[in-house]
Amino acid sequence: HQQSGRGLVVGRFAPYHRGHQQLLDLARAESDEVVVIVLPVPGDVTMRSSLRAGWITQMHPGIRVLVPEDAPPDDRPEAERIDHLRAYIQRLGLHVDTVFGADEESSHLAPVLSTPERPVTYRHLARDAQLVTVPIEDIRADVHRYRALLPPSVYAHFVEMVVFLGAEST
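Engineer: Even after reading the chapter, I still don't get the pairing of strand S2 (residues 33-38), so can you show me in this structure?
Structural biologist: Looking along a regular strand, one sees side chains alternate from face to face of the sheet. For S2, a buried count of 5 out of 6 residues is recorded, marking the element as mostly surrounded by other parts of the structure. Summarising the sheet, strand S1 (residues 6-11) and S2 pair through 6 bridges and their orientation is parallel. Looking across to S2, one finds that Gly-7 is bridged to Val-34. In this region the chain leaves S1, passes through helix H1 (residues 18-30) and returns to the parallel neighbour S2; the handedness of that crossover is right-handed. In the sheet, S2 pairs with strand S3 (residues 64-66) via 3 bridges, with the strands oriented parallel. The residue of S3 that forms the bridge with Val-35 is Arg-64. Taking the sense of rotation as the criterion, the β-α-β connection linking S2, helix H2 (residues 49-59) and S3 turns out right-handed.

Have a look at this one:
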């Protein structure tokens, strides 16, 4: 594949892991510009969208990272979430050439963004058996067990520090 146009990656990145890194590296290698939309994780106060967007900005300088304020929650039907994303992208005047993804919902976004004058292609990242075979739900449930899949700066967010104060030998 040669570089062309603007690539789009949409996800929750909760938490950002090596599979996400591989996906963004692919998008960057095959696009002149990459835009990432970070979706909310309803009810999660430990990984706010701005924190997750910061992880991406830190790991991939030069990628444009957007955080929509009013994205519909995960419990809404997929068609509604995709339609909302389409409207958000159109409001920004963002023209996309390729959607990069590793899940079914991402593949459904490309046709919705396509027009006869400007078709949008979908580029699927196959899961690398050596990289990330652990479901994201398992990583979220036990980040300490799967810390090898997280960049050190992301894992550091989940490490709680305990300080003991007192006189010597107490």
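From this point on, the discussion continues.
Engineer: Honestly, the pattern of salt bridges in this entry has me stumped. Any pointers?
Structural biologist: As a working rule, side chains carrying opposite charge can pair if their charged atoms are close by. Enumeration over the complete set of coordinates arrives at 6 salt bridges. The partner of Arg-6 in a salt bridge is Glu-33, with the nearest N and O atoms 3.0 Å apart. Residue Arg-6 is located in strand S1, and its partner Glu-33 is located in strand S2; the two are separated by 27 residues in the primary sequence. We note a salt bridge from Asp-83 to Arg-86, for which the minimum N-O separation is 2.6 Å. With a gap of 3 residues between them, Asp-83 and Arg-86 both fall in helix H3 (residues 78-91), about one helical turn apart. Residue class for Asp-83 comes out partly exposed when judged on its relative accessible area of 38%.

Cut-off values and rules
Residues numbered from 1 in each chain as written. Predicted model: local features only at pLDDT ≥ 70, side-chain atom pairs only at ≥ 80, totals over all residues. Heavy atoms only, no water. Buried < 20%, exposed > 50% of the residue type's maximum accessible area, 1.4 Å probe, protein only. Helix = DSSP H or I, 4+ residues; strand = E, 2+ residues; numbered from the N terminus. Pairing = 2+ DSSP bridges. Right-handed = clockwise from strand over helix to strand, strands pointing away. Salt bridge = Lys/Arg side-chain N within 4 Å of Asp/Glu carboxyl O.

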